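Remarks on the overall topology
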Amino acid sequence: MSLVTDLNLGKFLQIAFSEGVRSQISDDYRDWEYIKRVREQDPDGRQLNFLFLKSFGPAAVQYRAAGSAGVFPSAQQSITSEHTAVYKEIDTTVELEYSLWDRARRSPAKYAEPLATEIMAKTTASKRRLAADLYGDGTGVVGQVSSAADAASSTTVTLLSSSSARGHVGFFEFGDLLVARQTGGTSVAPTVTGTFYAWRVVSRNRKRNEVVLEPINEAGTVLALTASNLASSHVFYRVGQPTGGQSALNLGSIADYGTATEVIPGLESLASNDGRVIHGITMSGASAATVEDGEGNPLDVSMIQALMDNVKVNVGQSAYSWKMLVGAPESHAAFIESRETDRRFVSVEDNKRGIKVFAYQHGNDTLEMYTSEYCPKKRIYALPEGKSGNKVLEAHMTDFDPVRMGGMGEFHLKPAASGGHERKIVSYMQALGTIICKHPAAIGRLENFA
């Protein structure tokens, strides 16, 4: 084919650029918006202390025969416990070559502002990270291996999808860098040609619970793969995580999921009922979430009915209302057929907000079906709201703010290791906080369904 640039003086023709940058991956972070809705206050100090009332002291209430000379019942005081949530920090670095920024700034027909594009990308990545961690357990585990099929320069990993598996396919972000470890913390490195640095996420398949990973060196070059050395139950962490990703974390002996790592603990721990400890709370008895076991059966509407029945028995119906039923898209799809035959499913249309969804009606509560790519396919959560305006989940968290030092601006030249400065501009952003649950039993959790 003859190109116009091959013609004499052809290179004088103007080059035209279409507007905007077309993102090739999801930039959805609706779950971050939910975190903002349950935001209570900015973090103050190093930790947050709060009290639980775990028993009213019911043994102090007893019947006696009228007119009898019996003594009053023995006293039994109410039981309270104090708990502590340690604030976590999440940081983001923006970096761009100075010459690229300078030339784009001077160009009258620039395609896009590179710095603005990079800031937008990092802001979105930060919010998506927190949106994913809303459903995590606080360990930072991205996923757990079931099996791996190696190729010349990549491996296809099938992830564990059982109810007890850590992480899930939705936690794998395109281009993210991961390392593998045994559950006891021992590092698992592949056999490659060159120096291995990390696994890079190439693709994922939600239907088959598969992710494709490629081994790279620190410069980002793909390495020839001899063997991934991945085996069942090995876990993946993100490279930058100090505990887990960079140092050993024994998943079998975690004292407290609130302080085990630098990662904010999410619903997997905050709404559990397996005896684990989170923020000093032992998740059992009156302090546990309301959990309905599907016993491995196919997802059915009767499970939601039983779940909500148990929730309202545990916490009553006067203090809370339930408006959101959160699950994976696959769980939402499983209810479509039930919607046609079960009158407890209702349509919700709002021409003011432009939404059209269906919801599950339980008594006076209408639970809108909300889907999240980050909610594991093995979990459904019924999230409550306090009728008096108080929240059950509380996010004590700041927004992402630029880090400024003294009179310096948000951007500055990057210091070079050998002295002087590189021709790169950098900026740092930071958010601080954590999430607590004030009344775990008010959260309904359905698990272990097919």
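Residues numbered from 1 in each chain as written. Predicted model: local features only at pLDDT ≥ 70, side-chain atom pairs only at ≥ 80, totals over all residues. Heavy atoms only, no water.

**Digging into the side chain of R166**
Here R166 lies in the loop between β5 (155–159) and β6 (177–181). Polar contacts involving the side chain of R166 include one to the side chain of D137, which spans 2.9 Å. With residues up to four places along the chain from it excluded, the contact list for R166 reads D137, T139, V141, G143, Q144, L251, Y257 and K378. (Helix = DSSP H or I, 4+ residues; strand = E, 2+ residues; numbered from the N terminus. Polar contact = N/O pair within 3.5 Å; in protein donor to acceptor, adjacent residues only side chain to side chain. Contact = heavy atoms within 4.5 Å.)

**A few points about the nonpolar core**
In this structure, Y135, F236, L383, L393 and I443 are the most contacted members of the largest nonpolar core, which totals 93 residues. For this core, the leading source of residues is helix α5 (residues 301–315), giving seven residues. Ignoring anything within four residues of it in the chain, the contact list for L393 reads Y34, V38, L267, L270, L383, I435, I436, C437 and I443. (Core = buried A, V, L, I, M, F, W, Y, C linked by side-chain atoms within 4.5 Å. Buried < 20%, exposed > 50% of the residue type's maximum accessible area, 1.4 Å probe, protein only.)

**Digging into helix α1 (residues 30–37)**
D31, W32, Y34 and I35 are the residues of α1 that are buried. Down the axis of α1, the buried set is contained in an arc of 155 degrees. They therefore lie on one face. The inward-facing, buried residues of α1 contact α3 (114–133), β16 (320–327), β19 (365–371), β20 (379–386) and β21 (393–397). (Arc of directions from axis to C-beta.)

**Observations concerning the environment of M369**
By secondary structure assignment, the location of M369 is in strand β19. C-alpha of M369 to C-alpha of P329: the two residues are 40 residues apart in sequence and 9.9 Å apart in space. Setting aside its immediate chain neighbours within four residues, M369 contacts L325, H332, F335, F358 and A359.

**Quick word on the pattern of salt bridges**
Once their charged atoms are close, side chains differing in charge can pair, the charge on each being opposite to the other. Scanning all chains against the criterion turns up 21 salt bridges. With a shortest N-O distance of 2.9 Å, R238 and D176 are connected by a salt bridge. Of this pair, R238 sits in strand β12 (residues 235–238) while D176 sits in the loop between β5 and β6, placing them 62 residues apart in sequence. On the basis of relative accessibility, which here comes to 30%, the residue R238 falls in the partly exposed class. One salt bridge in this structure joins D274 and R276, with 2.8 Å as the shortest N-O distance. Judged by relative accessible area, which is 14%, R276 ranks as buried. Where salt bridges share partners, they join E95, K414, E422 and K424 into one cluster. (Salt bridge = Lys/Arg side-chain N within 4 Å of Asp/Glu carboxyl O.)

**A word on the packing of α1 against α3**
Close contact between α1 and α3 brings their axes to 7 Å; oriented N to C, the two are set at 75 degrees. When the axes of α1 and α3 are compared, the pair comes out roughly perpendicular. In this structure, α1 uses D31, W32 and I35 to contact α3, whose residues at the interface are K127, L130 and A131. A class-by-class count of the residues in the contact of α1 with α3 yields four nonpolar, no polar and two charged. (Axes fitted to C-alpha atoms, helices over the stretch in contact; angles between N-to-C directions. Parallel < 35°, antiparallel > 145°, perpendicular 65-115°, else oblique. Nonpolar A, V, L, I, M, F, W, Y, C, P; charged D, E, K, R; others polar.)

**With respect to the confidence of the model for the protein chain**
For the protein chain, the mean per-residue pLDDT works out to 85, and 90% of the residues sit at or above 70. Ranking the elements of the protein chain by mean pLDDT puts strand β17 (residues 345–350) last, at 56, and β5 first, at 98. Considering only residues more than four positions removed or in separate chains, one finds that residues 351–355, a stretch of pLDDT under 50, has four contacts. (pLDDT = per-residue confidence, 0-100.)

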